[in-house]
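Inside the fold
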Amino acid sequence: MSAVRSLRKLSRAALLGATPRDSLPDAIEHVAKVHKAHHPRADLRPLRKAYMLAESSHRGQMRKSGEPYITHPLAVTLLLAQLGAETTTLTASLLHDTVEDTAVTLEQVRREFGDQVCYLVDGVTKLEKVDYGSAAEPETFRKMLLATGNDVRVMSIKLADRLHNMRTLGVMRREKQVRIAKVTRDVLIPLAERLGIQALKSELEDLVFAILHPEEHSRTRELIREHNSHPDPLTGFAAQVRRTLREAGIAAQVLIRPRHTVSVHRLRLKRGQLGDCDFARLLVLVDEDADCYAVLGELHTCFAPLVSEFKDFIAAPKFNLYQSLHTAIADDEGKVAEVLVRTRRMHQVAETGVIALGDPHAAAETGPDAAEAGVSAGTADGAGERTDPTRPGWLSRLLEWQSHAPDPNTFWQELRDELAQDLEITVYCSVPGAEGVAGGALPLPAAATCVDAAYARLGKAAHRCIGARVNGRLAALTTVLRDGDALQLFLESGSGAPSGPSPEWLDHVRTPSARLAIREWLAAHGRREAHQPYDERPLAPEDTRQVAGQKVSERSSGAVLPGAAHDERRPEPQEDAPQQPDAPRWDAQQPPEEYTEYAEYGENIPVVPGHPGTPVRLARCCTPVPTDSVTGFPVRGGAVTVHRDSCQSVARMASAGRLTLPVRWEQGEAGCRVTLRAEAFGRPHLLADLTETIAAQGAAVVSADVEPPREQRVRHTYTLQLPDAAGLPALIRAMRRVPGVYDVTRSVRQTAAN
């Protein structure tokens, strides 16, 4: 209600006539008082000058609510003043719509208010739909983010602008309310979270919740009203905490901090039913960092702590600068209260985020004020996460990948996906032997993989990445990283063109920078993304005929391994070779080479009786080898995919009416390839012992994959080239004899039933 009264006051003042030349206009008197409370020595002359220009420029313009338009920039400026923004930000917020909606130009703003104010106004000015069409909104956000990269105050003004617009959204059509609320939910609320401006983020969440989920919002508000109609049990709890801290000689302020609507709703979904103490939390404010831990000690001594609820965000601040101690305690009656413990400066940063840091261009970032803000002066890793607290690591990454997404739709989708990652981890990444690549801390979104880390650290040089070691153990590149992991990346030789990324990496990456780089490389090299293997596609009715094909040359018959990239040519028919009557041509539907696993067998090769030249490829799901009973299925392009009879895919495709073909093994020249999976108890040198045993049996390792250990157990997967399939049983027995190995089996890929 106080915000509404302030807005009405501003509206009435805006309708008054001109004021004396040197006096402060009545409309910004309240703004000036709030601003002076945070900055007692602030010069108010720029505010007066900015208001006079904004009022004269917007004069005659009305909002859809019927109020003078000048009330909007005044309300936005008041919001920022209440959060403690400095004078330059308030000046720009008064002018933020002048260039967009009036005859005022950027050059005029620069001439009268200086470069900084001009930059902020330009940063929040929307692009015209006349010039950009449907791309206007995503390109406006791209422009705004680029401006935020140099001055984070741009986004502060935009967030306050959106909050006031959301407060007055009721005059809009329902469909426009929903559209604006969705963009706010997907883009602006995550940005407010990342910038640490909780005061704006919480209210934006509640307003969006009311528009997109009105029934749930009404139900939650009713729960809150019902709770507020009774005495709050936290009042007595807070009194006990005050008494305990007073007796311990700790000067502290204990407050009851109500949860906002969305917070209550989330807690209800999490717990199913809310208790009397779940509608608010206790907030303990102290003067020094050491006092926070003294408070924690007293609380855990005099009350029963819930250890699982304890979190220390002072020693390890969140990526948005948030610092606090979180705990939960129970009193003698069994009532449980959540408690936040922080210094007053931490509380200011927790509420207003980067706004509390002031002017990002100030020279004293590493001085006492920065230290008081709980922000270290810098780190030696060069990652940028704390060197400049107003240019956090996530923003640097976002600005880097957006340059590789020129298409507005791609940028818009990747931006929403990036902002949907609401957590961040830090890994310690090194690249042995790589020149010019510094190791150190690397911030990544939660659930990022080794591939994400490679592209974040190396850029396009990650196309040469062939392996990784996580916490000293070999790991697949698709391994999901955890906070604090030590990661080593291994690159192939720098000579020659890189083998490039595997299409399968796209199924595991979480960062837009990695996704865009991989797609760019695949597109440039004529490769396609991996989703459904082509050997699972049924033939169209017109293609269900007896198959015969061209002989596959030795050069084009290489099987492609998961996780590795190849640049092999698609098999082409000999133009002067005689064609069999029913032989289909290689057409546009033939799968690209990265999905084509032609037989590399020579000692024993699978052939289709009666059609010795038919291209044959071996199914990845069951990797058949000589002596296995096998069945063939014709696929597009005239090839035949071979499965083991025991493969689940055989029963599924046969029941679907797929044509089956008999396949037999014939004598060849080279050998066979097989994939084996070794299950073992984790121990040092296990990998070396297994590979030595494999070599002693005369087999060559084509690829190896070691999964992270779980419960002291580890799984190794090897793709091996054998000189003779008859040696496979002996090889398996030898591997089982390696100490720690308790099982070795043929690898079978699980397939989803359609």
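Throughout this description, residue numbers start from 1 for each chain and increase along the sequence as written. Local features are withheld for residues below a pLDDT of 70 in this predicted model, meaning they are given only at 70 or higher, and side-chain atom pairs are given and counted only at 80 or more; totals for whole chains, interfaces and linings count all residues. To obtain the side-chain values, all non-hydrogen atoms of the structure were used and water was disregarded.

**Let's talk about the overall build of the protein**
- The way it works is that DSSP assigns letters per residue, a run of H or I at least four long becomes a helix, a run of E at least two long becomes a strand, and they are numbered from the N terminus. Summing up its helical and strand segments, the protein has 26 helices and 21 strands in all.
- Within the span of the protein, comprising 754 residues, buried residues form 52% of the whole.
- Whether two residues are in contact is decided by their heavy atoms, any of which lying within 4.5 Å being enough. Within the protein, residue pairs in contact and separated by at least 24 positions form 67% of the contacts whose partners lie at least 6 positions apart. Any residue under 20% of the maximum accessible area for its type is buried, any over 50% is exposed, and the rest in between are partly exposed; the area is computed with a 1.4 Å probe on protein chains only.

**Concerning the sheet that holds strand S14 (residues 630–634)**
- Sheet architecture is open: 4 strands sit in the order S13-S15-S14-S16, paired in mixed fashion. Unpaired on one side and paired on the other, strand S13 (616–618) and strand S16 (661–662) mark the two borders of the sheet.
- Strand pairing requires that DSSP identify at least two bridges connecting the strands. Pairing of S14 with S16, which is carried by 2 bridges, proceeds in the antiparallel orientation. For Gly632, the partnering residue across the bridge sits in S16 and is Leu661.
- Helix axes use the C-alpha atoms of the stretch in contact, all axes being lines fitted to C-alpha atoms, and the angles between their N-to-C directions lie in the range 0 to 180 degrees. This element, helix H24 (residues 648–655), spans S14 and strand S15 (640–644) of the sheet and lies at about 125 degrees to S15.

**Considerations on the pairing of strand S11 (residues 486–491)**
- With 3 bridges joining them, strand S7 (residues 424–430) and S11 adopt parallel strand pairing. In the strand pairing of S11, Tyr428 is matched with Ala486.

**Re the packing of aromatic side chains**
- Ring pairs shown here join Phe, Tyr and Trp side chains whose ring centres sit within 6.5 Å, with only the six-membered ring taken for Trp; geometry is labelled stacked below 30 degrees between planes, edge-to-face above 60, and tilted in between. For the structure on display, the rule yields 3 aromatic pairs.
- Between Phe313 and Tyr322 the ring centres are 6.0 Å apart and the planes differ by 65 degrees, which places this aromatic pair in the edge-to-face class. Of the two residues, Phe313 and Tyr322, neither departs from the other in class, the shared state being buried.
- Only lysine NZ and arginine CZ atoms are considered, and such an atom sits over a ring when it is within 6 Å of the ring centre and within 35 degrees of the ring normal. Across the ring face of Phe313, the terminal group of Lys318 is positioned such that the distance to the ring centre comes to 4.9 Å.

**Focus: the packing of helix H2 (residues 29–38) against helix H4 (residues 71–82)**
- Remark: H2 packs on H4, axes separated minimally by 8 Å, with the N-to-C direction vectors making an angle of 20 degrees. By the angle class used here, H2 and H4 are roughly parallel. The way H2 lies across H4 gives a crossing that is left-handed. When H2 is examined against H4, the residues His30, Val31, Val34, His35 and His38 are found in contact with a partner set consisting of Leu74, Thr77, Leu78, Ala81 and Gln82.
- Across the contact of H2 with H4, the residue classes break down as 5 nonpolar, 5 polar and no charged. Here the angle decides the label: under 35 degrees means roughly parallel, over 145 means roughly antiparallel, 65 to 115 means roughly perpendicular, and every other value means oblique. Handedness of a crossing follows from how the near helix is turned relative to the far one, being left-handed for an anticlockwise turn of less than a right angle and right-handed for a clockwise one. Here the term charged refers only to Asp, Glu, Lys and Arg, the term nonpolar to Ala, Val, Leu, Ile, Met, Phe, Trp, Tyr, Cys and Pro, and the term polar to all other amino acids, Gly among them.

**Regarding the pairing of strand S9 (residues 465–470)**
- Here 5 bridges tie S9 to S11, and the two strands are oriented antiparallel to one another. Residue pairing in the sheet places Arg469 in a bridge with Gln488 of S11.
- The sheet contact formed by S9 and strand S10 (residues 473–475) spans 3 bridges and is antiparallel. Bridging from a neighbouring strand, Ala468 pairs with Ala475 of S10.
- Counted along the chain from S9 to the antiparallel partner S10, the turn is 2 residues long, and its residue Asn471 has a positive phi close to 55 degrees.

**Observations concerning the sheet that holds S9**
- Strand order in the open sheet formed by 5 strands is S8-S7-S11-S9-S10, with mixed pairing between adjacent strands. At either end of the open sheet lies a strand with only one pairing partner, and these are strand S8 (440–445) and S10. Recorded for the sheet is a direction-independent mean angle of 40 degrees between the axes of neighbouring strands.
- Across the face of the sheet, helix H22 (residues 450–458) comes into contact with S7, S8, S9 and S11 while running at roughly 120 degrees to S8.

**Section: the pattern of salt bridges**
- Here, a salt bridge means any Lys or Arg side-chain nitrogen found within 4 Å of an Asp or Glu carboxyl oxygen. All told, the structure shown has 32 salt bridges when counted by the stated rule.
- Between Lys201 and Glu205 there is a salt bridge, with the nearest N and O atoms lying 3.6 Å from each other. A residue pair is termed a helical-turn pair when its members lie 3 or 4 positions apart in one helix, as Lys201 and Glu205 do in helix H13 (residues 198–212) at 4 residues. For the residue pair Lys201 and Glu205, the accessibility class agrees, reading buried in each case.
- Across the pair Arg225 and Glu222 runs a salt bridge whose closest N-O atoms are separated by 3.1 Å. Taken together, the residues span about one helical turn, with Arg225 and Glu222 both in helix H14 (residues 214–228) at a distance of 3 residues.
- Of the residues examined, Arg225 reaches a relative accessible area of 46% and is grouped as partly exposed.
- Taking the relative accessible area as the measure of exposure, Glu222 reaches 42% and is therefore partly exposed.
- Members of the salt-bridge network, linked through shared partners, are Glu193, Lys201, Glu205 and Arg266.

**What about the nonpolar core?**
- Among buried residues, those of type Ala, Val, Leu, Ile, Met, Phe, Trp, Tyr and Cys that are joined through side-chain atoms within 4.5 Å constitute a nonpolar core. Within the largest apolar cluster, 74 residues are counted, with the highest numbers of intra-cluster contacts made by Leu95, Val109, Leu159 and Leu415.
- Per-element accounting of this core gives the leading share, 9 residues, to helix H12 (residues 174–194).
- Discounting residues that sit within four places of it in the chain, Leu415 has contacts with Leu145, Val187, Leu398 and Trp401.
- Counting 31 residues, the second-largest nonpolar core is a separate cluster that includes Ala446, Ala448, Cys450 and Val509.

**As for unusual backbone geometry**
- The residue Ala447 is not glycine, and still its phi comes out positive at about 70 degrees.
- Counting through the fold element by element, Ala447 comes out in the loop between S8 and H22.
- By relative accessible area, Ala447 is classed as partly exposed at 30%.
- Positive phi is not limited to glycine here, since Asn471 has a value of about 55 degrees.

**As for helix H21 (residues 408–419)**
- With 12 residues, H21 ought to run about 16 Å at 1.5 Å a step, and its terminal C-alpha atoms sit 16 Å apart, in line with that.
- Every buried residue belonging to H21 is among Pro408, Phe411, Trp412, Glu414, Leu415, Glu418 and Leu419, and all of these are buried. The span one expects for a helix is its residue count, reduced by one, times 1.5 Å.

**Focus: the confidence of the model for the protein**
- Across the protein, the average pLDDT comes to 77, with 76% of residues at or above 70.
- Ranking the helices and strands of the protein by mean pLDDT puts strand S2 (residues 280–286) first, with 95, and helix H19 (residues 368–372) last, with 38.
- Low pLDDT, under 50, characterises residues 530–603; the predicted model gives this stretch 184 contacts beyond four residues in sequence or across chains.
- Every residue is assigned a pLDDT by the predictor, reflecting its confidence on a scale from 0 to 100. Contacts for the low-pLDDT stretch residues 750–754, under 50 throughout, to residues beyond four places or in other chains number 8 contacts.

**So, the environment of Gln240**
- Relative to the helices and strands, Gln240 resides in helix H15 (residues 234–247).
- Take Gln240: its relative accessible area is 25%, and that puts it in the partly exposed class.
- When sequence neighbours within four positions are dropped, the list of residues in contact with Gln240 reads Phe303 and Asp331.

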